[in-house]
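Residues per chain are reported as follows:
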Amino acid sequence: MRFAPSPTGPLHIGGIRTALYNYLFAKKHNGDFILRIEDTDQNRYVPGAEDYIIDSLRWCGLQYNEGVGIGGPHAPYRQSERKHLYKQYADALVEKGFAYYAFDTPDELENIRKQLEAQKITFQYNPATRSSMKNSITLNEAEVKRLLLADTPYVIRIKIPEHEEIIVNDIIRGEVRVHSSLMDDKVLYKSDGMPTYHLANVVDDYLMEISHVIRGEEWLPSAPLHVLLYRYFGWESSMPQFAHLPLLLKPEGNGKLSKRDGDRLGFPVFPLQWTDPKSGEISSGYRESGYFPEAFINMLSLLGWHPETEQEIFTIEELIQVFSLERASKSGAKFDPEKAKWFNHQYLITKSNAELAICLKSILIKKDIHVDDDKIEKICGLIKERANLISDLWNQSDYFFVAPDTYDEKTIKKYWKENTPSLLNELKSLLLSLDDFKKETIETAIHRYIEENGLSMGQVMNSWRLTLVGTAKGPGMADIASILGREEVLARMNKALIELK
């Protein structure tokens with residue numbers, strides 16, 4: 001199996017899903033998972049994109065057996081470093097009559113395209129038009145040699161057969177038939193001396209002994225061309241099996257999930273944060289947004305594939321055991337950002353308080369807040385059920401570290417009554433009288449106070465919470481008070497009593 005992205009920008013989560021399915025399939029069948037960088041399109045190359053791809057796979061835990069950065073028996077794994085290989089294969093196709101030299105200039109092609117568009121005809125370089133173009137089919141042998149010796153720019157195009165049905169056998173979609181009249185003579189080798197995706201892809205898959213190609217649905221229209229290339233090279237017996245995955249769809253409406261959807265609805269579409277090297281624009285990533293890699297991978301695995309059972313939470317080892325392409329979907333998978341948060345929550349609540357404390361501590365350090373590790377662990381234990389993302393650990397616990405400087409208006413309106421100050425002053429006296437400030441002691445004393453004075457829990461607890469937290473959020477008040485400590489609790493109550501007069 002190989003994952004073969006192009007370094008033309010950040011890796012979309014659809015790309016990670018493709019890598020994941022390749023990884024799972026390879027591991028299930030005791031195969032190898034290869035990373036190959038397809039950088040034949042030098043015009044679209046983006047600095048930093050290759051490192052981003054590698055870092056993304058590493059964060060997701062998708063370790064490849066061979067590929068860029070680690071080498072292997074099929075090195076090199078960067079197509080620009082394999083440039084010397086492709087010309088001989090393109091020339092071999094020309095010699096066999098399966099491809100030809102085309103000397104048409106870009107201007108000539110554009111003029112023909114405009115002429116046909118004026119007649120409302122879409123131009124294609126194909127069996128119907130190639131006989132009127134400047135190529136080694138229409139020119140005599142001597143003229144072709146003269147042009148080649150003169151270093152006249154040319155491309156090598158595949159010669160699509162006429163009146164033939166090309167069959168692609170797809171593991172997910174079954175038999176796909178495409179008539180050759182719908183295909184064009186695609187460029188295989190460019191004038192800049194680089195192969196196109198089609199040639200390099202097929203040659204490399206053959207040389208790297210790829211047995212199965214799992215890729216996105218957008219490559220299905222190219223599959224008949226690739227089948228032809230395997231036939232023309234005489235490699236049909238070792239042609240890989242194909243599986244074209246369904247698209248990831250936007251949460252609302254129709255169409256492929258894009259960065260614009262993420263920007264509009266406030267969720268990432270990239271695994272890691274990406275900074276555009278030209279514009280400086282920053283795109284959010286799942287890692288920086290507070291997702292665990294294992295939750296991210298679990299979520300992605302179920303977008304376009306489903307197990308035989310209703311189980312939703314899988315470790316990577318479990319996924320390897322149950323994954324099969326036969327259970328992959330033909331139709332697009334609609335992305336649900338809320339479901340992504342749900343998956344992360346399921347993983348977050350299973351983490352130990354010590355593990356979560358490490359995450360929260362890194363946030364606190366950035367805010368120049370330094371607190372004892374034991375205290376952070378206790379706080380994580382109290383608030384983790386309320387958190388979906390790692391960043392929520394701070395959002396749900398900020399009041400433990402920083403006293404409120406404002407008080408929520410809705411909470412004030414609902415819970416701050418005329419007798420609230422007198423109740424809180426009595427509560428202060430009670431808290432001052434306690435022998436210790438442990439959770440159990442505080443809880444017992446307050447419950448007795450409420451019962452003896454004929455009060456309701458809401459009358460006391462909600463207004464007390466407002467003074468310590470600033471709003472109506474958080475775990476039990478005895479928990480909050482015991483962690484804050486008696487001195488801090490009384491200081492916050494005094495401050496609120498002054499400001500909320």
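Now for a look at the structure at hand. Throughout this description, residue numbers start from 1 for each chain and increase along the sequence as written. In keeping with the predicted nature of the model, local features appear solely for residues at pLDDT of at least 70, side-chain atom pairs appear and are counted solely at 80 or more, and the whole-chain, interface and lining totals rest on all residues. As a convention, hydrogens and water are excluded, and side-chain values are obtained from all of the structure's heavy atoms.

## Focus: helix H21 (residues 486-499)
And then number 1: Runs of H or I in DSSP of at least four residues are treated as helices and runs of E of at least two as strands, each being numbered from the N terminus. Under the convention used throughout, the expected extent of a helix is 1.5 Å for every residue step, that is, one less than its residue count. With 14 residues, H21 extends 20 Å between its outermost C-alpha atoms, agreeing within 8% with the 20 Å of an ideal straight helix rising 1.5 Å per residue.
And then number 2: Along H21, the residues that are buried comprise Val 489, Leu 490, Arg 492, Met 493, Ala 496 and Leu 497. Projected onto a plane normal to the axis of H21, the buried residues spread over an arc of 160° and lie on a single side. Among the exposed residues of H21, those oriented more than 90 degrees off its buried face are Glu 487 and Ile 498. Summary of the burial criterion: residues with accessible area below 20% of their type's maximum are buried, those above 50% are exposed, and those between are partly exposed, where the area comes from a 1.4 Å probe applied to protein chains only. This arc describes the spread of directions from the helix axis toward the C-beta atoms.

## Brief notes about the sheet that holds strand E8 (residues 187-189)
Two strands in a sheet stick together by hydrogen bonds in their backbones, pointing the same way (parallel) or opposite ways (antiparallel).
And then number 1: With antiparallel pairing, 3 strands are arranged side by side in an open sheet as E4-E5-E8. Every interior strand has two partners, whereas the edge strands, strand E4 (99-102) and E8, have only one. Put simply, the sheet's adjacent strands are angled 45° from each other on average, direction ignored.
And then number 2: A pair of strands is considered paired only if DSSP assigns at least 2 bridges between the two. Where strand E5 (residues 155-158) and E8 come together, 2 bridges link them in antiparallel fashion. Residue pairing across strands places Ile 156 opposite Tyr 189, the latter belonging to E8. All axes here are fitted lines through C-alpha atoms, helices being fitted over the stretch that makes contact, and every angle between N-to-C directions spans 0 to 180 degrees.

## A few points about the sheet that holds strand E1 (residues 2-3)
And then number 1: Spatially, the 3 strands line up as an open sheet ordered E1-E2-E3, and their pairing is parallel. Strands at the two margins of the open sheet, each flanked by one partner only, are E1 and strand E3 (66-67).
And then number 2: Two strands pair when backbone bridges link them, and strand E2 (residues 34-35) and E3 are joined in this way by 2 bridges, in the parallel orientation. Paired with Ile 34 across the bridge in E3 is Glu 66.

## A closer look at helix H11 (residues 337-348)
Helical geometry: 3.6 residues make up each α-helical turn, so side chains three or four residues apart lie on a common side.
And then number 1: The end-to-end C-alpha separation of H11 is 17 Å, in line with the 16 Å expected for 12 residues at 1.5 Å each.
And then number 2: Considered for burial, the residues of H11 that qualify are Pro 337, Ala 340, Phe 343, Asn 344, His 345, Tyr 347 and Leu 348.
And then number 3: Looking at the buried positions of H11, the neighbouring elements they touch are helix H9 (293-301), helix H12 (353-366) and helix H14 (390-395).
And then number 4: N or O atoms within 3.5 Å of each other form a polar contact, as long as, within protein, one can give a hydrogen and the other can take it, and as long as residues adjacent in sequence are counted only when both atoms are side-chain atoms. Where H11 starts, the residue carrying a side-chain oxygen 3.0 Å from the main-chain nitrogen of Glu 338 turns out to be Asp 336. We call two residues in contact whenever any of their non-hydrogen atoms come within 4.5 Å of each other.

## Overview of the pairing of E4
And then number 1: Every second residue of E4 is oriented toward a common face, with Ala 99 and Tyr 101 on one face and Tyr 100 and Ala 102 on the other, all of them buried.
And then number 2: Relative to E5, E4 runs antiparallel, the two sharing 4 bridges. Pairing of Tyr 101 across the sheet is with Ile 156, part of E5.

## A few points about the packing of helix H1 (residues 13-28) against H9
And then number 1: Between H1 and H9, whose axes approach to 10 Å, the crossing angle comes to 85°. The angle between H1 and H9 places the two elements in the roughly perpendicular class. Between H1 and H9, the residues in contact are Ile 13, Ile 16, Arg 17, Leu 20 and Tyr 21 and Phe 296, Ile 297, Leu 300 and Ser 301, respectively.
And then number 2: Across the contact of H1 with H9, the residue classes tally to 7 nonpolar, 1 polar and 1 charged. What sets the label is the angle itself: under 35 degrees gives roughly parallel, over 145 gives roughly antiparallel, 65 to 115 gives roughly perpendicular, and the rest give oblique. In this classification, Asp, Glu, Lys and Arg are treated as charged, Ala, Val, Leu, Ile, Met, Phe, Trp, Tyr, Cys and Pro as nonpolar, and every other residue, Gly included, as polar.

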